[in-house]
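Analysis of the macromolecular model
What follows is the residue order along each chain.
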Protein chains: 2
Amino acid sequence: MDMCQSCQYNMQVIEKIKNQVPDNELTTKLADMFKVFGDNTRIRILWTLFDKEMCVYDIAEKLSMSQSAISHQLKTLRQARLIKSRRDGKNAFYSIDDDHVKKIIEQMVIHVEE
Amino acid sequence: MDMCQSCQYNMQVIEKIKNQVPDNELTTKLADMFKVFGDNTRIRILWTLFDKEMCVYDIAEKLSMSQSAISHQLKTLRQARLIKSRRDGKNAFYSIDDDHVKKIIEQMVIHVEE
DNA sequence: CATTCATATGTTCATGTGTTCATATATATT
DNA sequence: AATATATATGAACACATGAACATATGAATG
């Protein structure tokens, strides 16, 4: 079967993982990154930003949550480099920072929907 | 560019995600599943099981942790259906339950290693 | 059936986490 | 400069979580 670039990359990763003692530094990084995804509010924020940028107020409104709660979670997501922000006057617009973020969520959707 | 089956599936998922109000039931499932991955011990267990089944004692030994701690985490992983177990005499052998588990970890490895 | 080995589980404790509330900062407008 | 609007931040609280410890269960073996 033909394999796209992304799947070829995956194969390389599998080879790297196989038969190795788990590297604690790497697994810690992985776990920490999974933790950032492991909150309903943050997933909903990422979902909301999936294909467009939005300002804080609009995210809060869309998710029916307080501006403060959203802002706190945006900070967490920004620190993890999953989203980026840009200021435009009084507003701060947030968007997904990395295509991997989408792939990771997609993969999990595939998993939980089976 | 040619796309493999897996990537075509991803495209379908993107379409599903775009422009939708986040479905709270789905995002909760996603977050809960990410949470299970979001612990260093559990990631190390999954890593250890990546290409072979192992019994509890050997996992504990390999990760230099107590049998009790490993057993507790195995229970969490089993409840989330990420691993399955089979008994053979006195031993319980655990293995990855679903190829998605590998893909999800691979995707995250790709992400954190950039 | 008593013992041993492998695994599972209940409880406790310390630590981590998410939200709320109050307040601070930043930018635009008058 | 004063005010309004948008966002960020700090502290506090309730709740979740992971490991340690003690103990229970289950299976093999004498």
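So, here's what we can say about the structure.

What counts, and where the lines are drawn
Residues numbered from 1 in each chain as written. Chains lettered and ligands numbered in written order. Predicted model: local features only at pLDDT ≥ 70, side-chain atom pairs only at ≥ 80, totals over all residues. Pairing = 2+ DSSP bridges. Helix = DSSP H or I, 4+ residues; strand = E, 2+ residues; numbered from the N terminus. Core = buried A, V, L, I, M, F, W, Y, C linked by C-beta atoms within 7 Å. Buried ≥ 20, exposed ≤ 12 C-beta atoms within 10 Å, placed from the backbone. Contact = placed C-beta atoms within 7 Å. Axes fitted to C-alpha atoms, helices over the stretch in contact; angles between N-to-C directions. Parallel < 35°, antiparallel > 145°, perpendicular 65-115°, else oblique. Nonpolar A, V, L, I, M, F, W, Y, C, P; charged D, E, K, R; others polar. Near = placed C-beta within 6 Å.

Another point: the sheet that holds strand S2 (residues 83-88) of chain B. Residue and element names in this part refer to chain B. Taken together, the three strands give an open sheet; going across it, the order is S1-S3-S2, and neighbouring strands pair in antiparallel fashion. Sheet topology places strand S1 (54-55) and S2 at the edges, where each strand pairs with a single neighbour. Pairing analysis gives two bridges linking S1 to strand S3 (residues 91-96), with the strands arranged antiparallel. Bridging across to S3, cysteine 55 finds its partner in phenylalanine 93.

Right, let's talk about the nonpolar core for a bit. With 46 residues, the main nonpolar core has Leu46 and Met108 of chain A together with Leu46 and Met108 of chain B as its most contacted residues. When sequence neighbours within four positions are dropped, the list of residues in contact with leucine 46 of chain B reads Leu82, Ile96, Val101 and Ile105 of chain B.

Time to look at the packing of helix H3 (residues 40-48) of chain B against helix H5 (residues 67-79) of chain B. Any two packed helices are characterised by how steeply their axes cross, that is the angle between the axes, and by the distance between the axes. Residues and elements named next belong to chain B. Two elements in contact, H3 and H5, have axes separated by 10 Å at closest approach and are oriented at 80°. Taken together, the axes of H3 and H5 lie roughly perpendicular to each other. Between H3, through Thr41, Arg42 and Ile45, and H5, the contact on the second element is made entirely by Ala69, Ile70, Gln73, Leu74, Thr76 and Leu77. Tallied by class, the residues present in the contact of H3 with H5 amount to five nonpolar, three polar and one charged.

Pairing is antiparallel in the open sheet, where three strands are placed in the order S1-S3-S2 (chain A). Strands at the two margins of the open sheet, each flanked by one partner only, are strand S1 (54-55) and strand S2 (83-88) of chain A.

If you trace the backbone, histidine 72 of chain B turns up in helix H5. The spatial distance from the C-alpha of histidine 72 of chain B to the C-alpha of tyrosine 9 of chain B is 34 Å, given a sequence separation of 63 residues.

So, on to the protein's contact with DNA strand D. The environment of DNA strand D is formed by 23 residues, the closest being Cys55, Tyr57 and Ser68 of chain A together with Ser68 and Gly89 of chain B. Sorting the residues of the surface near DNA strand D by element identifies helix H4 (56-63), helix H5 (67-79) and strand S3 (91-96) of chain A together with H5 of chain B as the ones contributing at least two each. Counting residues per element, the surface near DNA strand D draws most heavily on H5 of chain A, which supplies six residues. Grouping the constituent residues of the surface near DNA strand D by class yields six nonpolar, 12 polar and five charged.

The next point concerns the interface of chain A and chain B. The partner chain B presents 44 residues to the 44 residues of chain A that form the contact. Listed by contribution, the elements that provide at least two residues to the side of chain A that touches chain B are helix H1 (5-17), helix H2 (24-37), helix H3 (40-48) and helix H6 (99-112) of chain A. No other element matches the 12 residues that H6 of chain A contributes to the side of chain A that touches chain B. Split by residue class, the side of chain A that touches chain B holds 23 nonpolar, 11 polar and 10 charged.

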